[in-house]
Amino acid sequence: MPELPEVETIRRQLAPRVVGRTVVDVDTHPSPKFAPARATRGATVTDLRRRGKYLLAGLDDGRELIVHLGMTGRLAVETPADDPPTGERPHLRAWWRFDDGSALTFTDIRRFGRLAVVPRGDHRRLPTLARLGPEPFDPTLEAATLHRALASSRRAVKTQLLSQRPVAGVGNIYADEALWDAGINPVARRLSVSRSARLLDALRAALASGLRLGGTTLRDYRDADGHTGRNQDELRCYGRAGQPCLRCGTLLRRRLVDGRGTTWCPRCQRR
DNA sequence: GGCTGGCCCTGTACGC
DNA sequence: TGCGTACAGGGCCAGC
């Protein structure tokens, strides 16, 4: 599932191929949830940014196209030499044809992805984006800030991380990895400042590994060139339930937290 | 305003 | 072999 490293990898690949391009044609899957993309016809892409797991393409008419890849969403740029995208293609949800003959395609098997076109910066229709926490690599983000954010709620720390409010861009994989690395139980409800600092360091380390290796591919994720990531070989906790903890040898366990599968070490991550 | 639980989706794995 | 069921999970929303 695309989290911050995967979305940022895709952004870096797409930006030089779509910025400056004008949309000459656009079409979408019949489902109304993808229809907003049609409003981009005639617009020119001015920039491509990322906030958390959201991609934001600035348009020259003062609006922006917002894309969330959900669980299985993929974006790719196809050249004029490729077969033009059509609604016949399986799982194709939206496609844009540019003035140079290239095309941007959005495929999404499970249809958890989202598209929106809004006035630039007006995110009221996307509540999670509107209330998104700071970027984890923001140099002004300090442990005390994360500590205050976590202390403002009594929900489990993993639930809070997945809410995107204490910090942006963390999903199930990197949350499990960071909590294991920091030795914090996923359902802990109060963290000291020092443990918040350990968590922030661990989050940054997990996300940096994902970024460096082009993302984590467990099943569906591909970058904009169709390549899998390489970070899955570096995972030390997520998906390893029943296997020995790489730190203490205790068998890792799995449970549901906030409805999400969660792997943790009962010894290293005591409550 | 905070929190919980249900819903959206479809491919895959598994049991019968 | 074929069918039915459970499961995976990010974000949104209704209800408390």
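Computed from a predicted structure; not experimentally measured. (Residues numbered from 1 in each chain as written. Chains lettered and ligands numbered in written order. Predicted model: local features only at pLDDT ≥ 70, side-chain atom pairs only at ≥ 80, totals over all residues. Heavy atoms only, no water.)

Peer 1: Looking at this structure, how should I read the packing of helix α3 (residues 143-151) against helix α6 (residues 193-212)?
Peer 2: A packed helix pair is summarised by two numbers, namely the angle formed by the two axes and the spacing between the axes. Where α3 contacts α6, the two axes come as close as 8 Å, and the packing angle between them is 110 degrees. Considered as vectors, α3 and α6 are oriented roughly perpendicular to each other. Seen from α3, the contacting residues are Ala143, Leu146, His147 and Leu150; seen from α6, they are Val193, Ser196, Ala197, Leu199 and Leu200. For the contact of α3 with α6, the per-class residue count stands at seven nonpolar, two polar and no charged. (Axes fitted to C-alpha atoms, helices over the stretch in contact; angles between N-to-C directions. Helix = DSSP H or I, 4+ residues; strand = E, 2+ residues; numbered from the N terminus. Parallel < 35°, antiparallel > 145°, perpendicular 65-115°, else oblique. Contact = heavy atoms within 4.5 Å. Nonpolar A, V, L, I, M, F, W, Y, C, P; charged D, E, K, R; others polar.)

Peer 1: Looking at this model, I keep getting lost on the sheet that holds strand β6 (residues 92-98). Mind explaining?
Peer 2: Hydrogen bonds between backbone groups are what pair the strands of a sheet, and the pairing can be parallel or antiparallel. Reading across from one edge, β1-β6-β7-β5 is the order of the four strands in this open sheet, with antiparallel pairing throughout. With partners counted over all chains shown, the strands left at the sheet margins are β1 (23-28) and β5 (73-78), one partner each. Going across the sheet, the axis of each strand differs from the next one's by a mean of 15 degrees, ignoring polarity. Bridge count for β1 against β6 is five bridges, and the pairing is antiparallel. Each residue of the ladder has a partner; that of Thr28, found in β6, is Ala94. Running over the sheet, helix α1 (residues 4-18) touches β5, β6 and β7 (103-108) and is turned about 35 degrees from β5. (Pairing = 2+ DSSP bridges.)

Peer 1: Honestly, unusual backbone geometry in this entry has me stumped. Any pointers?
Peer 2: Note on backbone geometry: most residues besides glycine have negative phi, and most peptide bonds are trans. Although it is not a glycine, His91 sits at a positive phi angle of roughly 70 degrees. Even without being glycine, Arg111 reaches a positive phi, approximately 60 degrees. Given the relative accessible area of 35%, Arg111 is considered partly exposed. (Buried < 20%, exposed > 50% of the residue type's maximum accessible area, 1.4 Å probe, protein only.)

Peer 1: Is there a simple way to think about the protein's contact with DNA strand B in this case?
Peer 2: His91, Ile109, Arg110, Arg111, Phe112, Arg131, Ser153, Arg154 and Arg155 make up every residue found near DNA strand B. Separating a phosphate oxygen of DNA strand B from a side-chain N or O atom of Arg131 is a distance of 3.2 Å. In this structure, Arg154 approaches DNA strand B through a main-chain N or O atom, which is 3.0 Å from a phosphate oxygen. (Near = heavy atom within 4 Å. Polar contact = N/O pair within 3.5 Å; in protein donor to acceptor, adjacent residues only side chain to side chain.)

Peer 1: Could you clarify how one ought to interpret the protein's contact with DNA strand C in this entry?
Peer 2: Close to DNA strand C lie 18 residues, the nearest being His68, Phe112, Thr128, Arg254 and Arg260. When atoms of DNA strand C within 4 Å of the protein are sorted by moiety, sugar and phosphate together comprise 66%. The separation between a base nitrogen of DNA strand C and a polar side-chain atom of Arg260 is 2.4 Å. Split into classes, the residues belonging to the surface near DNA strand C amount to eight nonpolar, five polar and five charged.

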